[in-house]
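The chain contents come next:
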Amino acid sequence: MSSPIAEIRDLTKDYGTVQALRGVSLSIESGGIVGILGPNGAGKTTLVETIEGLRTPSQGRVSVLGIDPSREPRRLAERLGVQLQATELPPDLTVLETLRLFRAFYEKSLPANEVLAAIDLTEKSNARNRTLSGGQKQRLAIGLALVTDPELIILDEPTTGLDPAARRDLHKIIRSLKERGRTVLLTTHYIEEAEILCDRVVVMREGKVVADGSPFELLQRAQGGSTVWIRVDKELDPVGLFRAGAQPTGREDDYYRFTTEDPAAFVVALGRTLQEGNLTLLDLRMKRPTLEDVYLELVGTRSEDGDGEGS
Amino acid sequence: MRAFRGTRALTWAGFLSTVRSKAALFWTMAFPIFLLILFAYIFGAGEAERVAYLMPGLWTITVISSSFFGISMSMVQERENGTFRRYRVSPLSPIALVSSFGLLQVGILLSSLLLQGVIAWFWFGSRSAGPIWVLILVMLFGIFAFVPLGLLVGSIARDMKTAPVLTNLLFFPMMFLSGAAVPFFVLPDFIQRIAKLLPATYLVEALQGVVVRGEGLLQLGGPIAVLLTTGVLGLAVNSLLFRWESTQPLKKSNLLIALGVLTAIYAVAFFIAPDLRMSIAPSGD
């Protein structure tokens with residue numbers, strides 16, 4: 001548990017004059033779900049494909065399960081589960097036949113029906129791949145990553161282009177991998193996905209890591225204050241609140257609205273104010289910065305300035 | 001052992017895909033039969049002996065068209081659409097992958113050729129002058145020579161746009177100059193000399209040797225040697241040119257080696273090959 005499952009040091013990758021990665025260092029411990037979050041062109045796919053051994057680093061060191069992916073990709077492949085951003089499945093094979101095909105590539109592999117159960121495709125086992133829906137195809141693509149029961153599973157944008165229900169199904173499958181003690185590394189450009197699914201979020205921008213931590217830790221980094229709405233039964237004297245650093249931003253219906261950098265101090269001051277003025281607090285609402293706010297601050301813009309990364 | 005398991009599984013998957021695809025079934029089974037019937041009635045008037053005389057050319061056309069347009073195209077397609085890329089992140093080796101294409105192609109081709117033979121035998125009543133086992137052996141040598149060449153085209157062609165250009169460039173000279181489509185003895189002398197550079201010529205020669213002249217393996221030693229050499233060199237060169245992704249550049253040095261080897265095949269064929277007996281018009285004795 002102590003030694004990392006993947007270790008990346010000062011990784012750079014150039015495509016001609018374009019620098020896709022500009023010095024990425026990352027250490028991934030065993031267990032849990034790590035999400036790489038960033039807009040298109042941030043270098044997410046280049047990063048995971050370098051970890052998979054599909055791309056050779058320009059500079060820097062990569063070690064995955066103690067193996068250098070660019071030197072011994074096939075030895076690494078034996079212990080690594082990969083779902084590529086686009087997976088082309090043989091259209092005329094059935095789901096079961098496709099799994100059996102991939103099982104034959106590995107030294108050790110799980111029984112096909114166990115994989116089918118894990119990706120919730122048992123009922124579709126005899127359906128031809130060409131008849132599968134987008135979500136089912138993606139589940140099969142993840143199933144192919146699971147046939148060898150790998151320690152590390154890398155999923156490149158597993159939910160992109162899926163409808164919300166299919167996305168939720170995939171989230172369930174990915175969580176179950178974590179529950180079985182596997183390590184999952186996934187890329188996404190959905191903030192909500194990173195927030196609800198990942199134990200750790202690595203935010204990338206223009207080939208660099210700009211933030212790294214649990215969703216909760218990233219929230220702490222939020223700049224800009226929380227907004228607080230309070231409703232009391234009589235006229236409020238806000239001087240105490242001002243002293244605690246709150247800024248009045250007007251009234252909304254019966255509510256006083258403030259912003260504050262320090263919600264804890266605000267609440268303490270509010271208690272005192274209520275007591276001194278003999279007021280009753282009827283309602284209190286607070287809106288803290290979301291992960292999305294943090295993300296937008298970090299990557300500057302949410303707009304997709306895609307440079308054709310991946311695909 | 002494991003490489004073998006991967007090859008076997010891929011070959012089986014390829015077989016299932018072929019059997020289930022109407023287009024693939026048409027090209028591998030219906031088309032060769034169609035070609036045979038067309039040849040037999042147009043050029044052979046449906047007569048047993050004349051059809052027998054046409055069979056070597058027909059088999060050769062089947063071998064080269066299937067080798068060049070069958071696997072080479074599906075290889076290029078699977079590389080282009082990213083199927084190979086998915087295999088690349090598994091422990092599957094390039095040799096296991098290419099072998100599966102080769103094995104599938106050998107199986108498909110052999111069934112096409114035998115099917116044509118069976119129809120010629122039972123429908124037209126054609127007979128081979130030489131023993132059937134020699135005939136089947138020569139077919140296998142032909143398949144062994146051409147399947148690697150098809151794989152080679154599949155490795156060199158960058159995408160589905162360049163692949164047909166490349167295959168047609170190889171296919172048409174082989175079809176018309178080798179004596180497969182046009183009787184060899186009617187070709188002018190200088191064309192015959194160029195035809196000696198094409199491996200297809202030696203397949204027609206060997207097949208005619210068995211079917212028409214009733215020759216044994218020893219008498220066919222020259223053409224068979226050319227076919228085997230073509231196959232061995234084709235396989236060797238294949239390992240140099242394999243690419244997982246169509247975006248990967250071909251190494252220029254490897255491409256040069258490949259071209260050099262191919263030139264060598266033909267040069268050898270040109271110099272050591274015996275006089276082709278099919279260049280003499282049948283006297284009708």
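Quick caveat: nothing in here was measured; it's all calculated off a predicted structure. (Residues numbered from 1 in each chain as written. Chains lettered and ligands numbered in written order. Predicted model: local features only at pLDDT ≥ 70, side-chain atom pairs only at ≥ 80, totals over all residues. Heavy atoms only, no water.)

1. Re the interface of chain A and chain B
Here's step 1: Listed per partner, the contact involves 25 residues of chain A and 24 residues of chain B.
Here's step 2: Here chain A packs against chain B, burying approximately 2,300 Å² in sum over the two surfaces, 58% of which is carbon and sulfur.
Here's step 3: Counting the contacts that link chain A with chain B gives 2 salt bridges.
Here's step 4: In this structure, Arg 20 of chain B and Glu 97 of chain A form a salt bridge, with 2.8 Å as the shortest nitrogen-oxygen distance.
Here's step 5: For the side of chain A that touches chain B, the secondary structure elements donating two or more residues are helix H1 (44–52), helix H2 (73–77), helix H3 (95–103) and helix H5 (134–146) of chain A.
Here's step 6: Looking at which element gives the most residues to the side of chain A that touches chain B, the answer is H3 of chain A, with 4 residues.
Here's step 7: Here the residues of the side of chain A that touches chain B are counted per class, giving 12 nonpolar, 2 polar and 11 charged. (Contact = heavy atoms within 4.5 Å. Buried area = accessible area lost by both parts, 1.4 Å probe. Salt bridge = Lys/Arg side-chain N within 4 Å of Asp/Glu carboxyl O. Helix = DSSP H or I, 4+ residues; strand = E, 2+ residues; numbered from the N terminus. Nonpolar A, V, L, I, M, F, W, Y, C, P; charged D, E, K, R; others polar.)

2. Looking at the pattern of salt bridges
Here's step 1: For the coordinates displayed, the defined rule picks out 21 salt bridges over all chains.
Here's step 2: Residues Glu 245 of chain B and Arg 85 of chain B are paired through a salt bridge, measuring 2.9 Å at the closest nitrogen-oxygen approach. Residue Glu 245 of chain B is located in the loop between helix H10 (221–241) and helix H11 (252–272), and its partner Arg 85 of chain B is located in helix H4 (residues 83–88); the two are separated by 160 residues in the primary sequence. As far as the burial class goes, Glu 245 of chain B and Arg 85 of chain B line up, both buried.
Here's step 3: Salt bridges sharing partners connect three or more residues here, namely Glu 49 and Arg 55 of chain A together with Arg 85, Arg 88 and Glu 245 of chain B. (Buried < 20%, exposed > 50% of the residue type's maximum accessible area, 1.4 Å probe, protein only.)

3. Topic: the domain arrangement of chain A
One widely used convention gives an interface's size as the accessible area the parts lose upon coming together.
Here's step 1: Annotation of chain A at the domain level lists domain 1 (6–79 + 151–220 + 295–299) and domain 2 (226–288).
Here's step 2: Look at where the C-alpha atoms of domain 1 of chain A and domain 2 of chain A centre, and you get two points 42 Å apart. (Domains from an automatic or database assignment.)

4. Concerning helix H6 (residues 132–156) of chain B
Here's step 1: Between its terminal C-alpha atoms H6 of chain B stretches 36 Å, which fits the 36 Å expected from 25 residues at 1.5 Å a residue.
Here's step 2: Most of H6 of chain B sits out of view: 18 of its 25 residues are buried. (Expected span 1.5 Å × (residues − 1).)

5. Remarks on the nonpolar core
Here's step 1: Core analysis: the largest hydrophobic core is formed by 127 residues, its most contacted members being Leu 101, Leu 140 and Val 203 of chain A together with Tyr 87, Leu 97, Val 138 and Phe 146 of chain B.
Here's step 2: The element best represented in this core is H6 of chain B, accounting for 13 residues.
Here's step 3: For Leu 101 of chain A, the residues in contact, after removing those within four places along its chain, are Leu 93 of chain A together with Ala 9, Leu 10, Ala 13 and Tyr 87 of chain B.
Here's step 4: Counting 29 residues, the second largest nonpolar core, distinct from the first, contains Ala 6, Ile 36, Leu 65 and Leu 80 of chain A. (Core = buried A, V, L, I, M, F, W, Y, C linked by side-chain atoms within 4.5 Å.)

6. As for the sheet that holds strand E5 (residues 80–83) of chain A
Residue and element names in this part refer to chain A.
Here's step 1: Here we have 6 strands laid out as an open sheet, ordered E5-E6-E7-E3-E8-E9, and mixed in their pairing. Looking at which strands have only one partner, the edges of the open sheet turn out to be E5 and strand E9 (208–213). Ignoring strand direction, the axes of neighbouring strands in this sheet form an average angle of 15 degrees.
Here's step 2: Pairing geometry for strand E8 (residues 200–205) and E9, over 5 bridges, is antiparallel. By the bridge assignment for E9, Met 204 is matched with Val 209.
Here's step 3: Across the sheet, H1 is in contact with strand E3 (32–37), E5, strand E6 (152–156), strand E7 (183–188) and E8; its angle to E6 comes to roughly 150 degrees. (Pairing = 2+ DSSP bridges. Axes fitted to C-alpha atoms, helices over the stretch in contact; angles between N-to-C directions.)

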